[in-house]
Amino acid sequence: MEPVLVAKNLSKKYGKVVALDNANLELYPGEVLGVIGDNGAGKSTLIKALCGAVIPDSGEILLDGEKVTFTSPIEARTLGIETVYQNLALSPALSITDNMFLGREIRQKGFMGKFLRFLDKKEMADQARKRLSDLGLLTIQNINQLVETLSGGQRQGVAVARATSFGTKVVIMDEPTAALGVKESRRVLELIGEVRSKGIPIILISHNMPHVFEVADRIHVHRLGTRLCVIDPKKYEMSDAVAFMTGAKQPPAN
Amino acid sequence: MNKISDDISKDLKDQPKFSGDIGDKDQDHHTFELGEQTPLKKLQHFLHGNPTIVPVIILVLSVIAFGFIAGGKFFSAFNLSLIVQQVTIVGILAAAQTLIILTAGIDLSVAAMMVLASVFMGKLSVEMGMPTLPAILIGMISGVATGAFNGLLVTRLRLPPFIVTLGTWNIFFALVIFFTGSQSIRSSDIETNAPLLHFWGERINLGGFVFTYGAFLMIGIFIFLWFLLNKTAWGRHVYAIGDDKDAAELSGIRTDRMLVSIYAVAGLVVAIGAWVSIGRVGSVSPTSFYEGNLDSITAVVIGGTSLFGGRGTVIGSLFGALIVGVFSSGLSIAGLDVLWQRFALGCLIIIAVGIDQWIRKVST
Amino acid sequence: MRKLSLVLASLLAVAFTFATMPAKAGSHVVEACLITKTDINPFFVKMKEGAEARANELGVKLSFFAGKIDGDHETQVRAVETCIASGAKGILIAASDTKAIVPVLKNAQDNGLLVIALDTPLEPITAADSTFATDNFEAGRLGGAWVAAKLGADAANAKIAMLDLNESQPSVGVLRDQGFLNGFGIDTKDVSRWGDEDDPRIICNETTNGNEEGGRTAMEKCLQKDMDINVVYTINEPAAVGAYEALKAIGKDDGSVLIASVDGGCPGVADVERGIIGATSQQYPLLMASLGVEAIKAWAEDGSKPENSPGLDFFNTGVNLVTDDAASGVPSISVKEGMDRCWG
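Thoughts on the overall build of chain C
On a plain count of helices and strands, chain C comes out with 11 helices and 12 strands. Since a compact globule built from 344 residues should have a radius of gyration of about 20 Å, the 22 Å found for chain C is in line with a globular shape. For chain C, the residues scored as buried account for 56% of the 344 residues in total. When contacts within chain C are restricted to residue pairs at least 6 apart in sequence, long-range pairs at least 24 apart make up 72% of them.

Concerning the overall build of chain A
Looking only at helices and strands, chain A features 9 helices and 10 strands. Scaling as 2.2 N^0.38, a compact globule of 254 residues should have a C-alpha radius of gyration of about 18 Å, and chain A matches this with 19 Å. When the backbone C-alpha atoms are referred to their principal axes, chain A occupies close to 65 × 40 × 35 Å. Of all 254 residues assigned to chain A, the portion counted as buried reaches 46%.

As for the sheet that holds strand β8 (residues 231-234) of chain C
All names here are of chain C. As summarised here, the arrangement of the 6 strands in space is β7-β6-β8-β9-β10-β12, forming an open sheet in which the pairing is mixed. Both edges of this open sheet fall to β7 (202-207) and β12 (320-322), since each of them pairs with a single strand only. Across the sheet, the mean angle separating the axes of adjacent strands is 15° when strand polarity is ignored. Helix α5 (residues 136-151) rests against β8, β9 (258-263), β10 (279-282) and β12 of the sheet, and its axis sits at about 160° to β9.

Some thoughts on the environment of E123 of chain C
Residues and elements named next belong to chain C. Its location among the elements puts E123 in the loop between β4 (114-119) and β5 (130-133). C-beta crowding within 10 Å serves as the criterion here: with 15 such atoms nearby, E123 is assigned to the partly exposed category. Expressed as a C-alpha distance, the spacing of E123 and I101, which sit 22 residues apart in the sequence, is 9.0 Å. Once residues within four sequence positions are removed from consideration, E123 is found in contact with T98 and K99.

Overview of the pairing of strand β1 (residues 5-14) of chain A
Residues and elements named next belong to chain A. Two strands pair when backbone bridges link them, and β1 and strand β4 (residues 58-63) are joined in this way by 5 bridges, in the antiparallel orientation. Bridge assignment links V6 to a residue of β4, and that residue is L62. Examined bridge by bridge, β1 and strand β2 (residues 17-27) share 7 bridges and lie antiparallel to one another. Counted as the bridge partner of L10 is A23 from β2. Count of turn residues in the β1/β2 antiparallel hairpin: 2 residues, of which G15 carries a positive phi of about 65°.

Side note on helix α10 (residues 213-231) of chain B
All names here are of chain B. Taking 1.5 Å of rise per residue, 19 residues should cover 27 Å, and α10 covers 26 Å from first to last C-alpha, within 8% of that figure. Turning to α10, its buried residues number three or more, namely G214, A215, M218, I221, F222, L225 and L229. Taken around the axis of α10, the buried residues stretch over an arc of 115°, which confines them to a single face. Each element contacted by the buried residues of α10 is listed here: α5 (77-102), β2 (209-212), α11 (233-243), α13 (255-281) and α15 (314-333).

Re the sheet that holds β4 of chain A
Residue and element names in this part refer to chain A. On the basis of which strands lie adjacent, the open sheet formed by 4 strands has the order β2-β1-β4-β5 and antiparallel pairing. Each edge of the open sheet is held by one strand with a lone partner, namely β2 and β5 (66-68). Pairs of neighbouring strands in the sheet enclose a mean axial angle of 30°, with direction left out of account. In this sheet, β5 lies alongside β4 in antiparallel orientation, the contact comprising 3 bridges. Bridging from a neighbouring strand, L62 pairs with K67 of β5. The sheet contacts of helix α1 (residues 43-51) involve β1, β2 and β4, and relative to β2 the element is tilted by about 60°.

A short note on the pairing of strand β6 (residues 160-164) of chain C
All names here are of chain C. By the criterion of burial, β6 is predominantly enclosed, with 5 of the 5 residues buried. Taking every second residue as pointing to the same face, both faces of β6 are buried, with I160, M162 and D164 on one and A161 and L163 on the other. For the handedness criterion, the β-α-β arrangement of β6, helix α6 (residues 171-184) and β7 is classed as right-handed. Relative to β8, β6 runs parallel, the two being bridged by 4 bridges. Pairing of M162 across the sheet is with Y233, part of β8.

Focus: unusual backbone geometry
In the segment running from E123 of chain C into P124 of chain C, the intervening peptide bond is cis, with an omega of 5°. Within the secondary structure, P124 of chain C is located in the loop between β4 and β5. A positive phi angle, close to 50°, is found at L224 of chain A, a residue other than glycine. In this fold, L224 of chain A is placed in the loop between β9 (218-223) and β10 (226-231).

A word on the packing of helix α3 (residues 53-70) of chain B against α15 of chain B
All names here are of chain B. Across the interface, α3 lies against α15 with an axial gap of 9 Å and an inter-helix angle of 15°. With respect to α15, the element α3 is oriented roughly parallel. In this structure, α3 meets α15 at a crossing whose hand is left-handed. Mapping the contact onto sequence places P55, V56, I58, L59, S62, V63, F66, I69 and A70 in α3 and G316, F319, G320, L322, I323, V326, F327, G330 and I333 in α15. Class assignment of the residues belonging to the contact of α3 with α15 gives a composition of 14 nonpolar, 4 polar and no charged.

Focus: the arrangement of the chains
A comparison of contact numbers over the 2 pairs of chains in contact places chains A and B at the top. Across all C-alpha pairs, the smallest distance from chain A to chain C is 17 Å, and the two are not in contact.

As for the packing of α11 of chain B against α13 of chain B
Residue and element names in this part refer to chain B. Where α11 meets α13, the axes come as close as 11 Å, and the angle between the chain directions of the two elements is 110°. On the basis of their axis angle, the class for α11 and α13 is roughly perpendicular. Considering only the axes of α11 and α13, their crossing is left-handed. For the pair formed by α11 and α13, the contact residues are H237, V238 and I241 on the first element and T255, M258, L259 and I262 on the second. Partitioning the contact of α11 with α13 into residue classes produces 5 nonpolar, 2 polar and no charged.

So, how was this worked out
- Residues numbered from 1 in each chain as written.
- Chains lettered and ligands numbered in written order.
- Predicted model: local features only at pLDDT ≥ 70, side-chain atom pairs only at ≥ 80, totals over all residues.
- Helix = DSSP H or I, 4+ residues; strand = E, 2+ residues; numbered from the N terminus.
- Rg over C-alpha atoms; globule rule 2.2 N^0.38 Å.
- Buried ≥ 20, exposed ≤ 12 C-beta atoms within 10 Å, placed from the backbone.
- Contact = placed C-beta atoms within 7 Å.
- Pairing = 2+ DSSP bridges.
- Axes fitted to C-alpha atoms, helices over the stretch in contact; angles between N-to-C directions.
- Expected span 1.5 Å × (residues − 1).
- Arc of directions from axis to C-beta.
- Right-handed = clockwise from strand over helix to strand, strands pointing away.
- Parallel < 35°, antiparallel > 145°, perpendicular 65-115°, else oblique.
- Left-handed = near helix turned anticlockwise from the far one by under 90°.
- Nonpolar A, V, L, I, M, F, W, Y, C, P; charged D, E, K, R; others polar.

By themselves these figures say nothing about function.
The following block contains the structure:
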């Protein structure tokens, strides 16, 4: 099986500080890849390079086997790499529908749409409803509810629905359960499962070991600017992973 | 992989129900239902979704109240329509101001921009002999240019709009004094050389109500802006930028470009107001509307638009302007000293902002 | 970055040194300051022009300062302090707060500057070395007397709209308003403020900010209280023009309403000619300013101070009622003469 997304020898320096040191990463179709690493290990820089927030000094990124370059998250998005940011990037005072289509609005057909540039609200609402229910987020009372009236986990749902709606090839999720309680985190983990079942691979960055071990198929351990190892959560304990991350233990050569 | 899903499902069955679930449905793990609500909470939610209702209610109540206090002199068709005439210019400025405030900005230079545009229109057509329509066009361009100037300073220099427009207010105003020497262009000269400038001041009598064409134009501007803000992507982006600029940026909205266009559109609206103002005042008066900047902000705030951005309707500002006019007229006819008009205005502002803050507190 | 800051700082220092260098030694240019209430009121714009013209003729270097609005006292205080520090020989000031400005002006005098009050006397009047003033009370009084004479017996039933400046009641607004009522024959109660009268002939006191738009809105509000208003006092001519527009809108521009005003600028006198304003009290800001500049030049040269008008504490630059519709018992000058002497 060919990987969907490959990062090869990515390097990035900020002045004298080395953030990425020939880092590699592979993401295979249909999997959830957990990415863990201590603070300062460079995992956030790696993720930023993959989602377009940071331009690496050297190295290459391959999407579906082809080399790609992008200089902004928007460009990455047009290529199919979607990111669910830690702060969700949702507009609280706008409705769920508005947020789903922010920047990608659908215009009405014909004169109203072409000349007056009127939006097709009904179409957007219908599609929004469909997206949410596709992910198992059923029975929204009001698709035009304002996002700020939703709880943290519900907002995650909307953000994830937005990220998986538009021809996505890869979803990157940055600390999705960091700000959530137990129940809400449950829902998000289920969401991750739903997305995977739609065939979209996910890169999951998280500090929460139990969550990572629960949903990830493979776990990429990042240390000192580069990949240390990739482990199978079924074969290792959480404590092993933490030990690898911090350097307390050396992983077996693989 | 299956093991994980099984584990999760098992966990879920053992968990207590999620917050917000009313009913006993095992499968409904993903509903977005809200909890039980008291009547006050229901009201709060309702107002949250329909913020314009508040100024409408205040307007209706105040008209009725002043009808009682000040009697028939206030409540006559003539006076009520006169109030609309009196707030027309500030109303148009408030429409422009709403656009800016929705982006979490503020424009302290709107009235100065307007007077500057009217000076161009007047000077070129009356004193320099240019045909009226091109002179008006140049006034419009002046409005767009001064607006875009504000927008560029805000986006390029990354200065708060308050500070930028504080500076440009003084700059534009100084230009006005420079071009005119503080002298007005008198009404009779305009009537002789460029009567078109007075167009929006023409009145029509509709069964006792006397409206100016300018008042209809003002309403037209509000309706146009309402469509723009609610029915087009551009309008949605205005709200998005004011609500959370970073989120908007990440959604692919080019916020800097949008902001310049928003300020430019506001400038255009202001320039239309300039033309209308010549009809209202009669002359091109460089010292008039000195308090127009703050008056426009007052109307927007009382109309329910939040100064923090992202929230509010442009129609609300129309009601805000009308409320100010009603209080001003009503208190005057009731025989109260002018300073009470100011006092009442101050109270209205604080009440309006207080209600806005309360409505914002809605969250699960 | 540090280098750039250093270069910029040095440039600034050099520029600053040049800017504050005194005038070439030996040229003995007399320096003076003109401080007006505002710089947007045409009255003060003209005053400044008059001062500047005379100063250029006499070789006096004049610096200009103004408050932001009528009543902006703080800016004027700072202006006086700046003036003292800059080595000027004299200050010409049209004070916004005629009492509160006295201490800082005394400071100026102690530093050897000549203090000349323009337009509005200080309180006490002797706080200034000399005063070239106009009598705003007299200006109002002439207008009131004229209207009363015109109405004759009907003055007893007149309905009067008072269109004032602003709620903080600066002295010019109070003096003109109370002067008008006094001239008309109405008891002013407390003459240091308007609005406290109880004569039923006064229909309203509304504020205009001294501009056309304010005049229009104020007139409309007054008319809403009583459509039969037949006398309008206005604080200045722009307000009168605005009031006229409001009257015109309801068809009362037929001469049935008498409008009185103050200022006497050329546009205002032209409006008297056109019949928009019935009569206006003309003041002479250009004269005040040029006399003031002359006084400072004389003081700088030989330490002499100007003399007051006989029997008065100040030099009265005069006020004349301008109208082509003279009323018996009220002295006035014709519109033609008003145009000859007008400013602006």
